[in-house]
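As a plain string of letters, each chain reads:
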Amino acid sequence: MPDSFAQHADGLLLVANGIDRVLRWDGLTDQAEDAGVLAPSTAPTLASSGSGAITGTYYGYVRFVDRYGNVSNLSPLSDAVVAAADGSIDYSNLAVPSEPKVRRRQVLRNTAGQTTVFYVDLDTEDLTSTSLSSTLTDTLLQAQEAVPLLDDNSRPLANLHAPPPDDRSVLAAHLDRMFLAAEEVYSEGCVIVT
């Protein structure tokens, strides 16, 4: 089946065929790469330790960031940890990215008493450690990048960064947006009982 090409207003070229992942090419690199960033598939584990001013019930997410600053969707939500005058929040079971284009990993945490806005607690280029810690209190955490989960009309906002669907075969650019259409039905091949 033929590939469909479309160029974004900023020069980015996207390629789709309805079977494989959509490719992106910026014209500067040697080859195209998969569009979008795959999200972490496992939830982080939170614990609290030490003595300090971190008090409340906390949850966490992980997301990946590629070399262009594109973020992935969020990981599954962690279980709650209840901190009572603790000094740090300890993250473990942190997902390791499988895509070489990922350059940073962000760990997000809520502030005590709310779960609609999460903040980037850790932003690190360490992609291999499965355990990290943070000593940010709620006041310091609120000064970090905010990641609201819902918009003003309670519609999902944080998980709008999935890679483009791979079952569409026609691309079109319009008004600085890219659109995919024409679901591709795979009809070749056969099944044999052995």
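One can find the structure itself at the top, above this paragraph.
Overview of the structure. (Residues numbered from 1 in each chain as written. Predicted model: local features only at pLDDT ≥ 70, side-chain atom pairs only at ≥ 80, totals over all residues. Heavy atoms only, no water.)

Looking at the sheet that holds strand β7 (residues 81–92)
Here is step 1 of the chain: One open sheet accounts for three strands, arranged β5-β7-β10; its pairing is antiparallel. For this open sheet the edge positions go to β5 (45–58) and β10 (132–134), each flanked by a neighbour on one side alone. Strand after strand, the sheet turns through a mean of 40° between neighbouring axes, direction not considered.
Here is step 2 of the chain: With nine bridges connecting them, β5 and β7 associate as antiparallel partners. Each residue of the ladder has a partner; that of S49, found in β7, is S88. (Pairing = 2+ DSSP bridges. Helix = DSSP H or I, 4+ residues; strand = E, 2+ residues; numbered from the N terminus. Axes fitted to C-alpha atoms, helices over the stretch in contact; angles between N-to-C directions.)

Some remarks on the side chain of D121
Here is step 1 of the chain: Relative to the assigned elements, D121 resides in strand β9 (residues 117–124).
Here is step 2 of the chain: Owing to a relative accessible area of 5%, D121 belongs among the buried residues under this scheme.
Here is step 3 of the chain: Polar side-chain contacts of D121 include one of 2.5 Å to the side chain of Y91.
Here is step 4 of the chain: Among the polar contacts made by the side chain of D121, one reaches the side chain of R109 at a distance of 3.0 Å.
Here is step 5 of the chain: D121 has contacts with Y91, V107, L108, R109, S134, L136 and L141, leaving out every residue within four places of it along the chain. (Buried < 20%, exposed > 50% of the residue type's maximum accessible area, 1.4 Å probe, protein only. Polar contact = N/O pair within 3.5 Å; in protein donor to acceptor, adjacent residues only side chain to side chain. Contact = heavy atoms within 4.5 Å.)

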